[in-house]
Amino acid sequence: MESLASLTVSQRDQILVEQQVFSIYKAFYDMPPGSQSIMLELQRENHVEYLTKGLKQLGPSFCVLDANRPWICYWILHSIALMDEVVDPELEDNTIDFLNRCQDPNGGYGGGPGQMPHLATTYAAVNSLVTLGGDKALSSINREKLYTFFQRMKDPSGGFRMHDAGEIDVRACYTAISVASLLNILDDDLVQNVGNYISSCQTYEGGIAGEPGSEAHGGYTFCGLATMILINEVDHLDLYRLIDWVVFRQGVEGGFQGRTNKLVDGCYSFWQGGVFALLKRLHSTKGEQPVLLDDGEDSGAESLQTMASLDVAVEEGLNEDLSQGGSHSEQGDQHDTSCRVNVDNIDHGSSKRHAKVEPLFNSLALQQYILLCSQELDGGLRDKPGKSRDHYHTCYCLSGLSVCQHSWSEDEDSPPLPRAMLGPYSNLLEPIHPLYNVVLDRYSEAHEFFTRS
(Lines give C-alpha, C1' and ligand atoms only; values in the text may rest on other atoms or scores of the structure.)
Protein backbone atom coordinates (compact mmCIF):
# COMPACT_ATOMS: atom_id res chain seq x y z
CA MET A 1 0.00 0.00 0.00
CA GLU A 2 1.20 3.49 -0.82
CA SER A 3 2.54 5.51 2.07
CA LEU A 4 0.25 8.26 3.34
CA ALA A 5 2.85 10.85 2.33
CA SER A 6 2.46 9.91 -1.34
CA LEU A 7 -1.34 10.24 -1.30
CA THR A 8 -3.34 13.30 -2.20
CA VAL A 9 -5.30 15.22 0.44
CA SER A 10 -8.54 13.74 -0.95
CA GLN A 11 -7.15 10.20 -0.70
CA ARG A 12 -5.99 10.71 2.87
CA ASP A 13 -9.35 12.21 3.86
CA GLN A 14 -11.16 9.28 2.25
CA ILE A 15 -9.06 6.76 4.17
CA LEU A 16 -9.69 8.63 7.42
CA VAL A 17 -13.45 8.65 6.85
CA GLU A 18 -13.46 4.94 6.01
CA GLN A 19 -11.53 4.18 9.17
CA GLN A 20 -14.00 6.18 11.27
CA VAL A 21 -17.06 4.63 9.64
CA PHE A 22 -15.86 1.06 9.68
CA SER A 23 -14.69 1.28 13.27
CA ILE A 24 -18.30 2.19 14.09
CA TYR A 25 -19.57 -0.75 12.03
CA LYS A 26 -17.10 -3.17 13.57
CA ALA A 27 -18.06 -2.11 17.08
CA PHE A 28 -21.72 -2.51 16.11
CA TYR A 29 -21.31 -6.02 14.72
CA ASP A 30 -19.30 -7.04 17.79
CA MET A 31 -22.25 -6.11 20.04
CA PRO A 32 -24.83 -8.61 21.26
CA PRO A 33 -28.14 -8.47 19.34
CA GLY A 34 -29.92 -6.56 22.11
CA SER A 35 -27.37 -3.77 22.01
CA GLN A 36 -27.48 -3.70 18.21
CA SER A 37 -31.25 -3.10 18.32
CA ILE A 38 -30.73 -0.11 20.59
CA MET A 39 -28.05 1.32 18.31
CA LEU A 40 -30.35 1.03 15.29
CA GLU A 41 -33.22 2.84 17.00
CA LEU A 42 -34.18 6.30 15.72
CA GLN A 43 -34.05 8.57 18.74
CA ARG A 44 -37.35 10.32 18.00
CA GLU A 45 -37.90 12.13 21.30
CA ASN A 46 -34.39 13.55 21.31
CA HIS A 47 -34.64 14.65 17.68
CA VAL A 48 -38.00 16.37 18.25
CA GLU A 49 -36.64 18.13 21.34
CA TYR A 50 -33.56 19.33 19.44
CA LEU A 51 -35.67 20.55 16.51
CA THR A 52 -38.38 22.27 18.55
CA LYS A 53 -35.77 24.12 20.57
CA GLY A 54 -34.23 25.41 17.34
CA LEU A 55 -37.56 26.63 16.01
CA LYS A 56 -38.18 28.63 19.17
CA GLN A 57 -34.80 30.29 19.50
CA LEU A 58 -31.27 30.03 18.12
CA GLY A 59 -27.99 31.20 19.62
CA PRO A 60 -25.79 34.11 18.46
CA SER A 61 -23.66 31.85 16.26
CA PHE A 62 -26.61 31.48 13.87
CA CYS A 63 -26.34 35.15 12.84
CA VAL A 64 -24.41 33.96 9.77
CA LEU A 65 -27.66 32.31 8.60
CA ASP A 66 -29.72 35.51 8.90
CA ALA A 67 -30.55 35.35 5.18
CA ASN A 68 -31.62 31.71 5.49
CA ARG A 69 -34.28 31.88 8.18
CA PRO A 70 -37.11 30.38 6.04
CA TRP A 71 -34.75 27.49 5.34
CA ILE A 72 -34.26 26.88 9.04
CA CYS A 73 -38.06 26.84 9.42
CA TYR A 74 -38.37 24.30 6.62
CA TRP A 75 -35.56 22.02 7.78
CA ILE A 76 -37.06 21.89 11.28
CA LEU A 77 -40.75 21.68 10.37
CA HIS A 78 -40.21 19.03 7.71
CA SER A 79 -38.09 16.93 10.07
CA ILE A 80 -40.78 17.11 12.74
CA ALA A 81 -43.50 16.20 10.21
CA LEU A 82 -41.47 13.21 9.01
CA MET A 83 -41.66 11.84 12.53
CA ASP A 84 -45.45 12.42 12.54
CA GLU A 85 -45.18 15.11 15.19
CA VAL A 86 -46.59 18.66 15.24
CA VAL A 87 -45.57 21.93 16.83
CA ASP A 88 -47.84 23.55 19.41
CA PRO A 89 -50.48 26.04 18.11
CA GLU A 90 -48.68 29.13 19.43
CA LEU A 91 -45.42 28.18 17.77
CA GLU A 92 -47.27 27.36 14.55
CA ASP A 93 -48.97 30.78 14.53
CA ASN A 94 -45.65 32.51 15.25
CA THR A 95 -44.03 30.68 12.34
CA ILE A 96 -46.82 31.62 9.91
CA ASP A 97 -46.65 35.27 11.03
CA PHE A 98 -42.86 35.30 10.66
CA LEU A 99 -42.94 33.84 7.15
CA ASN A 100 -45.64 36.35 6.19
CA ARG A 101 -43.26 39.14 7.22
CA CYS A 102 -40.65 37.59 4.91
CA GLN A 103 -43.08 37.85 1.97
CA ASP A 104 -42.24 40.75 -0.33
CA PRO A 105 -45.11 43.09 -1.35
CA ASN A 106 -44.17 42.45 -4.99
CA GLY A 107 -43.99 38.69 -4.65
CA GLY A 108 -41.65 36.04 -3.33
CA TYR A 109 -40.04 35.51 0.05
CA GLY A 110 -36.77 36.89 1.33
CA GLY A 111 -34.36 35.35 3.78
CA GLY A 112 -35.87 37.45 6.56
CA PRO A 113 -38.23 40.39 7.03
CA GLY A 114 -37.26 43.26 4.72
CA GLN A 115 -34.79 41.21 2.69
CA MET A 116 -34.99 40.93 -1.10
CA PRO A 117 -37.10 38.05 -2.46
CA HIS A 118 -35.08 35.03 -3.50
CA LEU A 119 -36.17 31.82 -5.22
CA ALA A 120 -34.45 29.54 -2.72
CA THR A 121 -36.03 31.12 0.35
CA THR A 122 -39.35 31.27 -1.52
CA TYR A 123 -39.17 27.49 -1.93
CA ALA A 124 -38.30 27.06 1.73
CA ALA A 125 -41.08 29.37 2.92
CA VAL A 126 -43.76 27.76 0.75
CA ASN A 127 -42.69 24.24 1.75
CA SER A 128 -42.79 25.33 5.39
CA LEU A 129 -46.33 26.66 5.03
CA VAL A 130 -47.45 23.53 3.17
CA THR A 131 -45.92 21.43 5.94
CA LEU A 132 -47.79 23.38 8.61
CA GLY A 133 -50.99 23.07 6.58
CA GLY A 134 -54.39 24.58 7.33
CA ASP A 135 -56.20 27.56 5.82
CA LYS A 136 -54.21 30.19 7.70
CA ALA A 137 -50.86 28.93 6.44
CA LEU A 138 -51.91 28.15 2.86
CA SER A 139 -54.01 31.29 2.32
CA SER A 140 -51.12 33.47 3.51
CA ILE A 141 -49.31 32.82 0.22
CA ASN A 142 -49.96 35.59 -2.31
CA ARG A 143 -49.96 33.45 -5.45
CA GLU A 144 -50.75 36.29 -7.85
CA LYS A 145 -47.75 38.35 -6.71
CA LEU A 146 -45.61 35.24 -6.55
CA TYR A 147 -46.39 34.43 -10.17
CA THR A 148 -45.26 37.91 -11.26
CA PHE A 149 -42.06 37.39 -9.24
CA PHE A 150 -41.40 34.18 -11.16
CA GLN A 151 -41.97 36.05 -14.43
CA ARG A 152 -39.41 38.66 -13.41
CA MET A 153 -36.87 35.95 -12.58
CA LYS A 154 -37.39 34.17 -15.92
CA ASP A 155 -34.40 34.52 -18.25
CA PRO A 156 -34.52 34.35 -22.08
CA SER A 157 -32.19 31.33 -21.90
CA GLY A 158 -35.03 29.36 -20.33
CA GLY A 159 -33.51 29.34 -16.88
CA PHE A 160 -34.37 31.42 -13.86
CA ARG A 161 -32.38 33.89 -11.79
CA MET A 162 -32.23 33.29 -8.07
CA HIS A 163 -32.99 36.97 -7.40
CA ASP A 164 -32.84 40.33 -9.18
CA ALA A 165 -29.53 40.42 -11.09
CA GLY A 166 -28.67 37.04 -9.53
CA GLU A 167 -27.17 33.85 -10.89
CA ILE A 168 -28.96 31.55 -13.32
CA ASP A 169 -28.74 27.86 -12.47
CA VAL A 170 -30.58 24.55 -12.17
CA ARG A 171 -31.38 25.21 -8.53
CA ALA A 172 -33.29 28.35 -9.55
CA CYS A 173 -35.20 26.37 -12.18
CA TYR A 174 -36.22 23.74 -9.66
CA THR A 175 -37.27 26.10 -6.89
CA ALA A 176 -39.38 28.18 -9.30
CA ILE A 177 -41.01 25.24 -11.09
CA SER A 178 -41.54 23.24 -7.89
CA VAL A 179 -43.31 26.10 -6.11
CA ALA A 180 -45.34 27.02 -9.20
CA SER A 181 -46.44 23.40 -9.55
CA LEU A 182 -47.26 23.02 -5.88
CA LEU A 183 -49.33 26.22 -5.89
CA ASN A 184 -51.08 25.38 -9.19
CA ILE A 185 -49.75 28.41 -11.06
CA LEU A 186 -47.42 26.60 -13.47
CA ASP A 187 -48.04 27.51 -17.11
CA ASP A 188 -46.34 27.52 -20.52
CA ASP A 189 -44.75 30.94 -20.01
CA LEU A 190 -42.84 29.72 -16.96
CA VAL A 191 -41.94 26.41 -18.60
CA GLN A 192 -40.68 27.83 -21.89
CA ASN A 193 -37.16 26.60 -22.65
CA VAL A 194 -36.54 25.36 -19.11
CA GLY A 195 -36.02 21.84 -20.46
CA ASN A 196 -33.45 23.01 -22.97
CA TYR A 197 -31.54 24.83 -20.27
CA ILE A 198 -31.46 21.83 -17.93
CA SER A 199 -30.54 19.44 -20.74
CA SER A 200 -27.54 21.64 -21.47
CA CYS A 201 -26.39 21.09 -17.89
CA GLN A 202 -26.20 17.28 -18.13
CA THR A 203 -22.51 16.42 -18.18
CA TYR A 204 -20.44 13.73 -19.86
CA GLU A 205 -20.58 11.78 -16.59
CA GLY A 206 -24.38 11.60 -16.72
CA GLY A 207 -25.19 13.75 -13.71
CA ILE A 208 -26.44 17.31 -13.91
CA ALA A 209 -24.37 20.38 -13.11
CA GLY A 210 -25.51 23.70 -11.69
CA GLU A 211 -24.89 25.43 -15.01
CA PRO A 212 -23.54 24.46 -18.43
CA GLY A 213 -19.91 23.42 -18.31
CA SER A 214 -19.74 22.72 -14.59
CA GLU A 215 -19.29 19.45 -12.69
CA ALA A 216 -22.10 16.97 -12.11
CA HIS A 217 -23.47 17.33 -8.58
CA GLY A 218 -26.02 15.37 -6.55
CA GLY A 219 -28.10 18.35 -5.50
CA TYR A 220 -28.30 19.74 -9.01
CA THR A 221 -29.03 16.29 -10.43
CA PHE A 222 -32.03 15.94 -8.15
CA CYS A 223 -33.19 19.49 -8.95
CA GLY A 224 -32.75 18.99 -12.69
CA LEU A 225 -34.49 15.62 -12.84
CA ALA A 226 -37.42 16.75 -10.64
CA THR A 227 -37.88 19.84 -12.78
CA MET A 228 -37.89 17.83 -16.00
CA ILE A 229 -40.55 15.53 -14.55
CA LEU A 230 -42.69 18.47 -13.48
CA ILE A 231 -42.61 20.02 -16.96
CA ASN A 232 -43.06 16.68 -18.77
CA GLU A 233 -39.68 16.78 -20.51
CA VAL A 234 -37.73 14.10 -18.68
CA ASP A 235 -37.29 12.20 -21.94
CA HIS A 236 -34.88 14.96 -23.05
CA LEU A 237 -32.34 13.68 -20.55
CA ASP A 238 -30.06 10.72 -21.03
CA LEU A 239 -31.56 8.72 -18.16
CA TYR A 240 -29.32 5.71 -18.58
CA ARG A 241 -26.17 7.76 -18.03
CA LEU A 242 -27.86 9.70 -15.23
CA ILE A 243 -28.76 6.47 -13.43
CA ASP A 244 -25.27 5.10 -13.97
CA TRP A 245 -23.73 8.21 -12.41
CA VAL A 246 -26.04 8.28 -9.39
CA VAL A 247 -25.69 4.55 -8.67
CA PHE A 248 -21.93 4.89 -8.40
CA ARG A 249 -22.14 7.77 -5.93
CA GLN A 250 -23.02 5.28 -3.17
CA GLY A 251 -19.76 4.33 -1.54
CA VAL A 252 -18.41 1.55 0.62
CA GLU A 253 -19.57 3.45 3.70
CA GLY A 254 -23.18 2.90 2.58
CA GLY A 255 -23.89 6.62 2.21
CA PHE A 256 -23.72 8.82 -0.85
CA GLN A 257 -21.16 11.33 -2.02
CA GLY A 258 -22.28 14.45 -3.86
CA ARG A 259 -19.66 14.41 -6.62
CA THR A 260 -17.09 12.05 -8.03
CA ASN A 261 -14.12 11.53 -5.68
CA LYS A 262 -15.74 13.45 -2.83
CA LEU A 263 -16.45 12.27 0.70
CA VAL A 264 -19.66 10.66 1.87
CA ASP A 265 -22.18 13.14 3.32
CA GLY A 266 -25.47 12.34 5.05
CA CYS A 267 -27.41 15.06 3.25
CA TYR A 268 -26.99 13.16 -0.04
CA SER A 269 -29.12 10.42 1.47
CA PHE A 270 -31.92 12.52 0.00
CA TRP A 271 -30.28 14.48 -2.82
CA GLN A 272 -28.98 11.26 -4.37
CA GLY A 273 -31.37 8.76 -2.77
CA GLY A 274 -34.35 10.91 -3.75
CA VAL A 275 -33.33 10.57 -7.39
CA PHE A 276 -34.16 6.87 -7.17
CA ALA A 277 -37.58 7.68 -5.72
CA LEU A 278 -38.22 9.74 -8.86
CA LEU A 279 -36.75 7.23 -11.30
CA LYS A 280 -38.72 4.39 -9.77
CA ARG A 281 -41.95 5.96 -11.05
CA LEU A 282 -40.78 6.71 -14.54
CA HIS A 283 -40.59 5.03 -17.89
CA SER A 284 -39.25 7.30 -20.61
CA THR A 285 -39.28 6.46 -24.31
CA LYS A 286 -38.11 8.58 -27.20
CA GLY A 287 -40.67 11.16 -28.25
CA GLU A 288 -43.15 10.35 -25.48
CA GLN A 289 -44.02 11.96 -22.19
CA PRO A 290 -43.00 9.98 -19.12
CA VAL A 291 -45.58 7.41 -18.12
CA LEU A 292 -46.09 5.34 -15.02
CA LEU A 293 -45.67 1.61 -14.98
CA ASP A 294 -48.94 0.01 -13.98
CA ASP A 295 -49.49 -3.63 -13.14
CA GLY A 296 -50.74 -4.50 -16.62
CA GLU A 297 -48.39 -2.30 -18.56
CA ASP A 298 -45.52 -3.64 -20.57
CA SER A 299 -42.55 -1.96 -19.09
CA GLY A 300 -40.06 -1.81 -21.91
CA ALA A 301 -37.64 -0.31 -19.43
CA GLU A 302 -35.07 -3.00 -19.96
CA SER A 303 -32.14 -0.93 -18.82
CA LEU A 304 -33.89 -0.15 -15.52
CA GLN A 305 -34.71 -3.79 -14.91
CA THR A 306 -31.21 -4.89 -15.79
CA MET A 307 -29.71 -2.37 -13.42
CA ALA A 308 -32.16 -3.45 -10.71
CA SER A 309 -30.99 -7.04 -11.11
CA LEU A 310 -27.39 -5.95 -10.93
CA ASP A 311 -28.19 -3.92 -7.84
CA VAL A 312 -29.28 -7.05 -5.97
CA ALA A 313 -25.84 -8.54 -6.42
CA VAL A 314 -24.18 -5.27 -5.47
CA GLU A 315 -26.39 -5.00 -2.39
CA GLU A 316 -25.47 -8.47 -1.23
CA GLY A 317 -21.79 -7.75 -1.66
CA LEU A 318 -21.96 -4.41 0.09
CA ASN A 319 -23.90 -5.87 2.99
CA GLU A 320 -21.19 -8.50 3.38
CA ASP A 321 -18.44 -5.88 3.30
CA LEU A 322 -20.21 -3.79 5.93
CA SER A 323 -20.84 -6.74 8.21
CA GLN A 324 -17.16 -7.63 8.10
CA GLY A 325 -15.98 -4.07 8.73
CA GLY A 326 -14.14 -3.96 5.43
CA SER A 327 -12.81 -0.64 4.18
CA HIS A 328 -11.66 1.33 1.25
CA SER A 329 -12.43 3.06 -0.53
CA GLU A 330 -53.11 34.22 -2.54
CA GLN A 331 -55.96 32.96 -3.81
CA GLY A 332 -58.01 34.74 -6.46
CA ASP A 333 -55.49 34.51 -9.27
CA GLN A 334 -56.80 35.74 -12.60
CA HIS A 335 -54.17 34.51 -15.04
CA ASP A 336 -54.86 31.45 -17.18
CA THR A 337 -53.31 28.28 -15.83
CA SER A 338 -54.63 25.96 -18.53
CA CYS A 339 -51.70 24.61 -20.49
CA ARG A 340 -49.90 21.49 -21.60
CA VAL A 341 -48.15 21.17 -18.23
CA ASN A 342 -50.25 18.37 -16.79
CA VAL A 343 -49.26 18.47 -13.15
CA ASP A 344 -52.04 16.14 -12.02
CA ASN A 345 -50.88 13.28 -14.21
CA ILE A 346 -47.30 13.51 -13.12
CA ASP A 347 -46.86 14.55 -9.53
CA HIS A 348 -50.17 13.69 -7.86
CA GLY A 349 -50.59 10.35 -9.59
CA SER A 350 -46.96 9.34 -9.26
CA SER A 351 -47.12 9.79 -5.53
CA LYS A 352 -49.52 6.84 -5.35
CA ARG A 353 -48.34 4.43 -8.02
CA HIS A 354 -44.86 3.02 -8.26
CA ALA A 355 -43.06 1.21 -11.00
CA LYS A 356 -42.49 -2.46 -10.30
CA VAL A 357 -38.74 -2.05 -10.05
CA GLU A 358 -36.58 -2.91 -7.09
CA PRO A 359 -34.49 -0.12 -5.56
CA LEU A 360 -31.51 0.77 -7.69
CA PHE A 361 -29.45 1.52 -4.58
CA ASN A 362 -28.56 -0.35 -1.42
CA SER A 363 -31.30 1.00 0.83
CA LEU A 364 -30.31 -1.06 3.86
CA ALA A 365 -26.71 0.07 3.70
CA LEU A 366 -27.86 3.69 3.47
CA GLN A 367 -30.13 3.24 6.50
CA GLN A 368 -27.20 1.74 8.37
CA TYR A 369 -25.04 4.77 7.57
CA ILE A 370 -27.78 7.20 8.64
CA LEU A 371 -28.62 5.45 11.90
CA LEU A 372 -25.11 4.53 13.01
CA CYS A 373 -22.91 7.25 11.51
CA SER A 374 -25.12 10.32 11.03
CA GLN A 375 -27.41 10.06 14.05
CA GLU A 376 -26.43 11.72 17.31
CA LEU A 377 -28.10 9.88 20.16
CA ASP A 378 -28.92 13.07 22.08
CA GLY A 379 -30.75 14.51 19.07
CA GLY A 380 -30.01 15.73 15.56
CA LEU A 381 -28.18 14.22 12.60
CA ARG A 382 -24.91 15.13 10.93
CA ASP A 383 -22.85 14.90 7.77
CA LYS A 384 -20.48 12.15 8.95
CA PRO A 385 -18.64 10.99 12.08
CA GLY A 386 -16.56 13.82 13.52
CA LYS A 387 -18.97 16.51 12.31
CA SER A 388 -21.54 18.35 14.42
CA ARG A 389 -25.29 17.96 14.14
CA ASP A 390 -27.30 20.67 12.41
CA HIS A 391 -30.85 21.25 11.19
CA TYR A 392 -29.93 20.94 7.51
CA HIS A 393 -28.45 17.47 7.83
CA THR A 394 -31.21 16.41 10.20
CA CYS A 395 -33.76 17.31 7.52
CA TYR A 396 -32.08 15.57 4.62
CA CYS A 397 -30.87 12.51 6.52
CA LEU A 398 -34.43 11.91 7.73
CA SER A 399 -35.79 12.57 4.22
CA GLY A 400 -33.37 9.99 2.85
CA LEU A 401 -34.32 7.54 5.58
CA SER A 402 -37.99 7.90 4.57
CA VAL A 403 -37.06 7.25 0.93
CA CYS A 404 -35.24 4.08 1.97
CA GLN A 405 -38.07 2.75 4.11
CA HIS A 406 -40.66 3.21 1.36
CA SER A 407 -38.41 2.23 -1.54
CA TRP A 408 -39.85 -1.28 -1.88
CA SER A 409 -43.54 -0.36 -1.41
CA GLU A 410 -45.80 -0.69 -4.43
CA ASP A 411 -47.83 2.37 -3.38
CA GLU A 412 -47.77 4.93 -0.59
CA ASP A 413 -50.81 3.39 1.11
CA SER A 414 -48.96 0.12 1.62
CA PRO A 415 -46.87 -0.39 4.75
CA PRO A 416 -43.15 -0.85 4.11
CA LEU A 417 -42.03 -4.40 3.54
CA PRO A 418 -40.10 -5.89 6.47
CA ARG A 419 -37.02 -6.30 4.27
CA ALA A 420 -37.07 -2.53 3.55
CA MET A 421 -36.73 -1.54 7.20
CA LEU A 422 -33.57 -1.47 9.26
CA GLY A 423 -34.08 -1.33 12.99
CA PRO A 424 -37.31 -1.44 14.98
CA TYR A 425 -40.67 -0.57 13.42
CA SER A 426 -40.71 2.57 15.59
CA ASN A 427 -38.14 3.94 13.13
CA LEU A 428 -40.83 4.24 10.46
CA LEU A 429 -41.13 7.76 9.06
CA GLU A 430 -43.93 9.37 7.07
CA PRO A 431 -43.69 8.96 3.26
CA ILE A 432 -42.72 12.04 1.29
CA HIS A 433 -43.68 13.35 -2.12
CA PRO A 434 -40.21 13.16 -3.67
CA LEU A 435 -40.73 15.94 -6.22
CA TYR A 436 -41.20 18.52 -3.47
CA ASN A 437 -39.80 16.79 -0.37
CA VAL A 438 -42.86 17.45 1.74
CA VAL A 439 -44.73 14.80 3.69
CA LEU A 440 -47.26 13.15 1.40
CA ASP A 441 -50.43 13.95 3.33
CA ARG A 442 -49.36 17.62 3.63
CA TYR A 443 -48.86 17.68 -0.14
CA SER A 444 -52.32 16.17 -0.66
CA GLU A 445 -53.93 18.84 1.52
CA ALA A 446 -52.13 21.62 -0.36
CA HIS A 447 -52.94 20.06 -3.73
CA GLU A 448 -56.66 20.02 -2.89
CA PHE A 449 -56.55 23.56 -1.46
CA PHE A 450 -54.85 25.15 -4.44
CA THR A 451 -56.84 23.16 -6.97
CA ARG A 452 -60.11 24.61 -5.67
CA SER A 453 -58.70 28.10 -5.03
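Residues numbered from 1 in each chain as written. Predicted model: local features only at pLDDT ≥ 70, side-chain atom pairs only at ≥ 80, totals over all residues. Heavy atoms only, no water.

A. Molecular detail of the overall build of the protein. On a plain count of helices and strands, the protein comes out with 20 helices and two strands. Working note: accessible area of the protein is about 18500 Å², and carbon and sulfur atoms make up 50% of it. (Helix = DSSP H or I, 4+ residues; strand = E, 2+ residues; numbered from the N terminus. Areas by Shrake-Rupley, 256 points an atom, 1.4 Å probe, with all protein chains shown as cover.)

B. Main features of the nonpolar core. By size, the foremost hydrophobic cluster in this structure holds 124 residues, and its most contacted members are Leu-119, Val-126, Phe-150, Phe-160, Phe-222, Leu-225 and Tyr-396. Every residue in contact with Leu-119, bar those within four places of it in the chain, is listed here: Phe-149, Phe-150, Met-153, Phe-160, Arg-161, Met-162, Ala-172, Thr-175 and Ala-176. (Core = buried A, V, L, I, M, F, W, Y, C linked by side-chain atoms within 4.5 Å. Buried < 20%, exposed > 50% of the residue type's maximum accessible area, 1.4 Å probe, protein only. Contact = heavy atoms within 4.5 Å.)

C. A look at the pattern of salt bridges. Tallying each qualifying case throughout the model produces 14 salt bridges. Of the charged contacts in the structure, one is a salt bridge between Lys-384 and Asp-383, with a shortest N-O distance of 2.8 Å. Lys-384 sits in the buried class, given a relative accessible area of 8%. Overlapping salt bridges bring together Asp-93, Asp-97 and Lys-136 as one network. (Salt bridge = Lys/Arg side-chain N within 4 Å of Asp/Glu carboxyl O.)

D. Summary view of unusual backbone geometry. Unlike most non-glycine residues, Asn-184 shows phi in positive territory, near 65°. Along the chain, Asn-184 turns up in the loop between α9 (170–182) and α10 (188–191). At Asn-261, a position not held by glycine, the phi torsion is positive, near 65°. For Asn-261, the location among the structural elements is in the loop between α13 (239–247) and α14 (268–271). The exposure class assigned to Asn-261 is exposed, which follows from its relative accessible area of 66%.

E. Structural context of the packing of aromatic side chains. Under the definition given, this model contains 21 aromatic pairs. Ring centres of Tyr-123 and Tyr-174 lie 5.4 Å apart, and the angle between their planes is 55°; on these two criteria the pair is classed as tilted. One end of the pair, Tyr-123, is in helix α6 (residues 119–132); the other, Tyr-174, is in helix α9, and 51 residues separate them in sequence. Among the residues examined, Tyr-123 registers a relative accessible area of 2% and is labelled buried. Tyr-174 gets classed as buried once you look at its relative accessible area, which sits at 1%. (Phe/Tyr/Trp six-rings, centres within 6.5 Å; stacked < 30°, edge-to-face > 60°.)

F. Structural detail: helix α4 (residues 69–82). Between its terminal C-alpha atoms α4 stretches 20 Å, which fits the 20 Å expected from 14 residues at 1.5 Å a residue. With 13 of 14 residues buried, α4 lies mostly within the body of the structure. (Expected span 1.5 Å × (residues − 1).)

G. Just a negative patch on the surface, in detail. Taken together, Glu-45, Glu-49, Asp-84 and Glu-85 make up a surface patch of like negative charges. Position of Glu-45 among the secondary structure elements: in helix α3 (residues 44–56). The class for Glu-45 is exposed, based on a relative accessible area of 70%. (Patch = residues over 30% accessible without salt bridge, like charges linked within 9 Å, V, L, I, M, F, W, Y side chains within 5 Å. Lys, Arg positive; Asp, Glu negative; His and termini not counted. Charge placed at Lys NZ, Arg CZ, Asp CG, Glu CD.)

H. Region of the structure containing the side chain of Gln-367. If you trace the backbone, Gln-367 turns up in helix α18 (residues 363–374). With relative accessibility at 0%, the residue Gln-367 sits in the buried group. Looking at Gln-367, its side chain comes within polar contact range of the main-chain nitrogen of Leu-422, at 3.1 Å. Contacts of Gln-367, omitting those with residues within four sequence positions, involve Leu-401, Cys-404, Gln-405, Ala-420, Met-421 and Leu-422. (Polar contact = N/O pair within 3.5 Å; in protein donor to acceptor, adjacent residues only side chain to side chain.)

I. Spatial organisation of the packing of α4 against helix α5 (residues 89–102). Where α4 meets α5, the closest approach of the two axes is 10 Å, and the angle between their N-to-C directions is 150°. Both α4 and α5 take part in a crossing whose hand is left-handed. Within the contact between the two elements, α4 uses Arg-69, Pro-70, Cys-73 and Leu-77 and α5 uses Thr-95, Phe-98, Leu-99 and Cys-102. (Axes fitted to C-alpha atoms, helices over the stretch in contact; angles between N-to-C directions. Left-handed = near helix turned anticlockwise from the far one by under 90°.)

J. Looking closely at the environment of Ala-125. Examined against the element boundaries, Ala-125 turns out to sit in helix α6. Remark: the alpha-carbon pair of Ala-125 and Gln-103, spanning 22 residues in sequence, is separated by 8.8 Å. Sequence-distant contacts of Ala-125, defined by excluding residues within four places in its chain, comprise Pro-70, Leu-99 and Tyr-109.

K. Looking closely at the packing of α3 against α4. Two numbers describe how α3 lies on α4: the axes approach to 10 Å, and their chain directions differ by 145°. Here α3 and α4 pass one another in a crossing that is left-handed. Contacts between α3 and α4 involve Leu-51, Thr-52, Gly-54 and Leu-55 on the former and, on the latter, Cys-73, Ile-76, Leu-77, Ser-79 and Ile-80. Among the residues forming the contact of α3 with α4, the class breakdown is six nonpolar, three polar and no charged. (Nonpolar A, V, L, I, M, F, W, Y, C, P; charged D, E, K, R; others polar.)

L. Inspection of α6 at higher detail. In this model, α6 (14 residues) spans 20 Å end to end at C-alpha, consistent with the 20 Å of a helix rising 1.5 Å per residue. Along α6, 14 of the 14 residues are buried, which leaves the element largely enclosed by surrounding structure.

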